[in-house]
Amino acid sequence: SYWVCAFCVNQHAGICGGNPHNATDAVNGDPYSLCNCGLPKAFNDTEPVLNGNGPSIPCEMNKFDDMMHLLSAQNKHFAQVIAVDASFVLFSRAWCVAEIALA
């Protein structure tokens, strides 16, 4: 079996409605525009939460660690394949490096 993060997690739904750190486009310096797609937003503290104080159940962005543990426990030959861009920008994204380290 395979875990393809890009197909499993709709990060757009969690990040498109806000830019709390006023992040800007690295090329033109413009602030990232917000989306009015209307998708419901679910963050790690969105109700309902697991066991009353755990991670949010509807949030899609907090499941990676659990999935890696589950997949590796079910298959001793579990491994990962990483698609990397030519400029290695992938390695400048903290969450990507964290996911690589965990898997």
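Residues numbered from 1 in each chain as written. Predicted model: local features only at pLDDT ≥ 70, side-chain atom pairs only at ≥ 80, totals over all residues. Heavy atoms only, no water.

Describing unusual backbone geometry
Stage number 1. That bond from glutamate 47 to proline 48 is cis: its omega, -5°, falls within 30 degrees of zero.
Stage number 2. Secondary-structure assignment places proline 48 in the loop between α2 (11-15) and α3 (64-74).
Stage number 3. Residue asparagine 22 is not a glycine yet carries a positive backbone phi of 50°.
Stage number 4. You can see asparagine 22 is positioned in the loop between α2 and α3.
Stage number 5. Phi is positive for asparagine 51, which is not a glycine, with a value near 55°.
Stage number 6. You can see asparagine 51 is positioned in the loop between α2 and α3. (Helix = DSSP H or I, 4+ residues; strand = E, 2+ residues; numbered from the N terminus.)

Looking at the confidence of the model for the protein chain
Stage number 1. Of the residues in the protein chain, 93% reach a pLDDT of 70 or more, and the chain-wide mean stands at 83.
Stage number 2. Ranking the elements of the protein chain by mean pLDDT puts helix α1 (residues 5-8) last with 70 and α3 first with 86. (pLDDT = per-residue confidence, 0-100.)

Quick word on the environment of isoleucine 100
Stage number 1. Its location among the elements puts isoleucine 100 in helix α4 (residues 94-102).
Stage number 2. Setting aside residues up to four positions removed in sequence, isoleucine 100 forms contacts with Gln80, Ile82, Leu90 and Phe91. (Contact = heavy atoms within 4.5 Å.)

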